[in-house]
Amino acid sequence: MAPKKEKVDANKPALIGITAPKDEDFPSWYQQVLTKGDMLEYYDVSGCYIMKPGSYSVWEKIQAWFDGKIKELGVQNAYFPMFVSSKVLEREKDHVEGFAPEVAWVTKAGSTDLEEPIAIRPTSETVMYPYYAKWIRSHRDLPLKLNQWNSVVRWEFKHPQPFLRTREFLWQEGHTAFLTREEAENEVLQILDLYARIYQDLLAVPVIKGRKTEKEKFAGGLFTTTTEGYIAATGRGIQGATSHCLGQNFSKMFGITVEDPKNDGEKINVWQNSWGLSTRAIGVMVMTHGDNKGLVMPPRVAQYQVVVIPCGITVKTTEDDKANITNGVLKIEEILKTAGIRVMADTRDNYSPGWKFSDWELKGVPLRLEFGPMDFKKQQVVAARRATGQKDFVALADLAESIPILLEQIQDEMLQKAKASFDSHVIRVTKWEDFVPALNNKNLVQIPWCGVADCEEEIKEKSARQDTGEEVDERAPSMGAKSLCIPFEQPEGIIPGETKCAACERDAKEWCMFGRSY
């Protein structure tokens, strides 16, 4: 006989809040934090999601910051159609092979079969470059720097995860063309630095900058640079954003040439880059900072940085005291708005202060200001930090100056906490026998590496979870480790001709970071 199901009271606080502990059931925790924190709603097409204002506002802040920075570099925004013909998509062989499993095709219009299937862009190189060939006629047309803010479709058949692996997602994709390799490579690193700043300065998420291996680079490109993050709860690495030097490969395929200004009559192919950052960044932020009470939002990107909540009103509170508290809360809201703070006064009278505390904690608002009868008398507020729970008293007269400073402290503390966690989980090993145990302890592992593709594949196979008899955290991921990047900041210790690859004993060329990843 099946056990009798316990009757569930939907009004219990435990059910309103997060019921799955982050360290015990991470997938359920992540789903609950996003939905109960009012960031996202599930949609009826698998792998597609609705971004609610709580998350879309984060994207808007990323967009505004990055858009301003790339315009300073001379980049202009444009928009190209989302459809691409099969003959154009298939012109660059390596490129299309890299995306082939994920391309979604339109084959019908109503009940009529199309003469030629039309792809929905998985990325826009093949959409844009035929027109670059048309527009770039002279070296005087260079550099050409275009960016578009759009959505792309990649029909992932792996397990979809909100923000991290979705069938449609928002991103920006920059596509630039230069006369020389030097100009192209310079921009690749400029853009990568901006991506790192989005993660670190806006989202309070530390990243490591580096170069992808030949096996992991962008299909059809010359080389790929990347920002790599780390999710402590799962011990996995995660790719944050990539900036690719495409070399001359695409310009040869699409005939993007100009006359060489140094050699009359000679044609040269332009040098190209592409670079992109997507709404995946929001998922990385949530996974990094969220806790068992819900979201923890960095102040610089939070939809609301401050919530003001009236407290201490009871049936015995006089009408004058009620008016003082309510008017005081609205006055605090007005002061902070004037100071440029994104603030919300929660004057709903059908919820208790305790319920409101939990509700706004669930949404991750960085700072809660409490204002009650005693605070009115002392002309102060109680400021409670979401990230740490610390409470401070702030005089009403100082709000406009003190609250922005406090928000910046919160932002910095969140980054430092995440960085300390990341740094403590990047382990350097020089012997293979130490590699898998380090992975199983939820670390990313840097090893002296030979740079050989076959060795990379062997590392992935040999590092898949095996029963070694050792005690490991069963919640740690079991897939094999892949190369995440060759860090730009290389540790010391590799002696050419002497230091051996930790995996295969060939001569090591450089340190490479491996990890189980999303």
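Before reading on, note that the structure itself is shown above.
Below: a short report on this structure.

About the cut-offs
Residues numbered from 1 in each chain as written. Predicted model: local features only at pLDDT ≥ 70, side-chain atom pairs only at ≥ 80, totals over all residues. Heavy atoms only, no water. 1 Å grid on protein atoms, 1.4 Å probe; cavity = no way out; pocket = protein on both sides within 12 Å on 5 of 7 lines; lining within 4 Å. Points joined across faces, edges and corners; volume = space filled by probe spheres on them. Helix = DSSP H or I, 4+ residues; strand = E, 2+ residues; numbered from the N terminus. Nonpolar A, V, L, I, M, F, W, Y, C, P; charged D, E, K, R; others polar. Expected span 1.5 Å × (residues − 1). Contact = heavy atoms within 4.5 Å. Buried < 20%, exposed > 50% of the residue type's maximum accessible area, 1.4 Å probe, protein only. Salt bridge = Lys/Arg side-chain N within 4 Å of Asp/Glu carboxyl O. Core = buried A, V, L, I, M, F, W, Y, C linked by side-chain atoms within 4.5 Å. Polar contact = N/O pair within 3.5 Å; in protein donor to acceptor, adjacent residues only side chain to side chain. Patch = residues over 30% accessible without salt bridge, like charges linked within 9 Å, V, L, I, M, F, W, Y side chains within 5 Å. Areas by Shrake-Rupley, 256 points an atom, 1.4 Å probe, with all protein chains shown as cover.

1. Focus on the layout of surface pockets
Piece 1. Empty space within the second largest pocket amounts to approximately 470 Å³.
Piece 2. Along its surface, the second largest pocket is lined by 22 residues, and Lys 22, Thr 288, His 289, Gly 290 and Lys 417 are the ones closest to its centre.
Piece 3. If you tally residues by element for the lining of the second largest pocket, the top one is helix 13 (residues 399-424), at six residues.
Piece 4. Classifying every residue of the lining of the second largest pocket gives eleven nonpolar, six polar and five charged.

2. Things to note about helix 3 (residues 53-72)
Piece 1. For helix 3, with 20 residues, the first-to-last C-alpha span of 28 Å sits near the 28 Å given by 1.5 Å per residue.
Piece 2. One or two steps after helix 3, the chain reaches Gly 74, where phi turns positive at roughly 90°.

3. Considerations on the environment of Met 513
Piece 1. Secondary-structure assignment places Met 513 in strand 23 (residues 510-515).
Piece 2. Once the C-alpha coordinates of Met 513 and His 175 are considered, the two residues, 338 residues apart in sequence, prove to be 28 Å apart.
Piece 3. Once you skip the residues sitting within four places of it in the chain, Met 513 turns out to touch Ile 208, Glu 228, Val 426, Leu 444, Val 445, Gln 446, Lys 482, Ser 483, Leu 484, Cys 485 and Pro 487.

4. Regarding unusual backbone geometry
In most cases, non-glycine residues show a negative phi, while peptide bonds are predominantly trans.
Piece 1. Omega for the bond connecting Leu 142 with Pro 143 falls within 30 degrees of zero, at -5°, which places this linkage in the cis form.
Piece 2. If you trace the backbone, Pro 143 turns up in the loop between helix 6 (125-135) and strand 7 (144-153).
Piece 3. At Phe 163, a position not held by glycine, the phi torsion is positive, near 70°.
Piece 4. Residue class for Phe 163 comes out buried when judged on its relative accessible area of 6%.
Piece 5. The phi angle at Gln 379 is positive, at roughly 50°, despite the residue not being glycine.
Piece 6. Among the secondary structure elements, Gln 379 is positioned in the loop between helix 12 (373-378) and strand 18 (380-385).

5. Brief notes about the pattern of salt bridges
Piece 1. Throughout the structure, instances matching the rule amount to 28 salt bridges.
Piece 2. Lys 293 is the salt-bridge partner of Glu 361, the closest N and O atoms lying 3.9 Å from each other. Residue Glu 361 is found in helix 11 (residues 353-363), and its partner Lys 293 is found in the loop between helix 9 (280-289) and strand 15 (306-310); the two are separated by 68 residues along the sequence.
Piece 3. Accessibility expressed as a relative area gives 19% for Glu 361, which makes it buried.
Piece 4. Close ionic contact of Arg 385 with Glu 413 constitutes a salt bridge, the shortest N to O distance being 3.2 Å. On the criterion of sequence distance, the pair formed by Arg 385 in strand 18 and Glu 413 in helix 13 is long-range, its members being 28 residues apart.
Piece 5. On the accessibility criterion, Arg 385 (6% relative accessible area) is buried.
Piece 6. Overall, the relative accessible area of 36% leaves Glu 413 in the partly exposed class.
Piece 7. Within the structure, one salt-bridge network assembled from shared partners comprises Lys 293, Glu 361, Arg 368, Glu 370 and Lys 391.

6. Looking at the nonpolar core
Piece 1. Membership of the largest hydrophobic core comes to 48 residues, with the highest contact counts inside it found for Ile 62, Phe 66, Ile 198, Leu 203 and Met 285.
Piece 2. Elements with a minimum of two residues in this core: helix 2 (26-36), helix 3, helix 7 (181-202), strand 11 (236-247), strand 14 (271-278) and helix 9.
Piece 3. Of the residues forming this core, the biggest block, seven residues, is contributed by helix 7.
Piece 4. Each residue touching Leu 203, except ones within four places of it in the same chain, is listed here: Val 58, Ile 62, Ile 198, Ala 281, Met 285, His 289, Pro 298, Val 301 and Gln 411.

7. Topic: the environment of Lys 52
Piece 1. Position of Lys 52 among the secondary structure elements: in the loop between strand 2 (49-51) and helix 3.
Piece 2. Under the relative-accessibility criterion, Lys 52 is labelled partly exposed at 25%.
Piece 3. Among residues more than four places away in sequence, those in contact with Lys 52 are Asp 38, Met 39, Leu 40 and Glu 41.
Piece 4. Looking at Lys 52, its side chain comes within polar contact range of the side chain of Asp 38, at 2.6 Å.

8. What to know about a nonpolar patch on the surface
Piece 1. Taken together, Tyr 43, Val 45 and Ile 50 make up a surface patch of nonpolar side chains, about 260 Å² in accessible area.
Piece 2. Within the fold, Ile 50 resides in strand 2.

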